[in-house]
Amino acid sequence: MSYHKAVRALFPSASIVIDKYHVVQKVTQALDQARKEFSPLKKARYLLLKGCEKLRKDQRLRLDDILEEYPVLSIAYYLKELFRDFYRTDGYNEAKERLEEWIQLAKQSPFASFQEAANTLERWKEPILSYFLCPYTNARIEGTNHKIKNIKRRAYGYRNLERFRLRVFLECTGNTTGSQVA
């Protein structure tokens, strides 16, 4: 929250876009919380969280059996899939309609986790929808930062800053010259 206030203060005309990864993560966390209400479904987490288009045929059949056995849970699953479809929308106006529809459906769901996610998405609706005007993410930067943290963790610290710099260039770009920044 304070980050957004700082951006607004320093760059008043900047468009704030919330990274879609974090928004989808909020919805998948809501599904995972809903799954935990059904104690025998510990091993179904992977099937429920994975995108339906990525499931193999045997996984799809198993998921269909689970959703048939737990019809209330199918509400949570289809809310997650409907939200994933939201980011496949073309155009700001259609996305706005779909997001508002999803928020209403989530608020009516029997799961507190989805109701909470809907309230969060409603509060951040404009920065979420800004993605459809400026469809960029910071995934590459976050990936590079993650690689650097892993390098530091594996090495237990570098005494020589130049060697650390070379290791970062090697792992992030494939060379050690530093001429190609990740």
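This section reports on the structure supplied with the text. All values derive from a computational prediction rather than experimental measurement.

## A closer look at the pattern of salt bridges
Item 1. Inspection of every chain in the model, using the stated rule, returns 16 salt bridges.
Item 2. Its salt-bridge partner being Glu53, residue Arg88 comes within 3.6 Å of it at the nearest N-O pair. Taken together, the residues span a long stretch of sequence, with Arg88 in the loop between α5 (71-86) and α6 (92-108) and Glu53 in the loop between α3 (45-49) and α4 (57-69) at a distance of 35 residues.
Item 3. A salt bridge links Glu171 to Arg154, with the shortest nitrogen-to-oxygen separation between them at 2.5 Å. Linking Glu171 in helix α10 (residues 161-173) with Arg154 in helix α9 (residues 139-155), this pair joins segments that are 17 residues apart in sequence.
Item 4. Exposure remark for Glu171: the relative accessible area of 30% places this residue in the partly exposed category.
Item 5. Salt bridges sharing partners connect three or more residues here, namely Glu53, Lys80, Glu81, Arg84, Asp85 and Arg88.

## Brief notes about the side chain of Arg35
Item 1. With respect to the helices and strands, Arg35 occurs in helix α2 (residues 20-35).
Item 2. Reaching out from Arg35, the side chain makes a polar contact with the side chain of Asp32 at a distance of 2.9 Å.
Item 3. Filtering out sequence-adjacent residues up to four positions away, Arg35 remains in contact with Leu41, Lys42, Ala44, Arg45, Leu48 and Leu73.

Cut-offs applied
Residues numbered from 1 in each chain as written. Predicted model: local features only at pLDDT ≥ 70, side-chain atom pairs only at ≥ 80, totals over all residues. Heavy atoms only, no water. Salt bridge = Lys/Arg side-chain N within 4 Å of Asp/Glu carboxyl O. Helix = DSSP H or I, 4+ residues; strand = E, 2+ residues; numbered from the N terminus. Buried < 20%, exposed > 50% of the residue type's maximum accessible area, 1.4 Å probe, protein only. Polar contact = N/O pair within 3.5 Å; in protein donor to acceptor, adjacent residues only side chain to side chain. Contact = heavy atoms within 4.5 Å.

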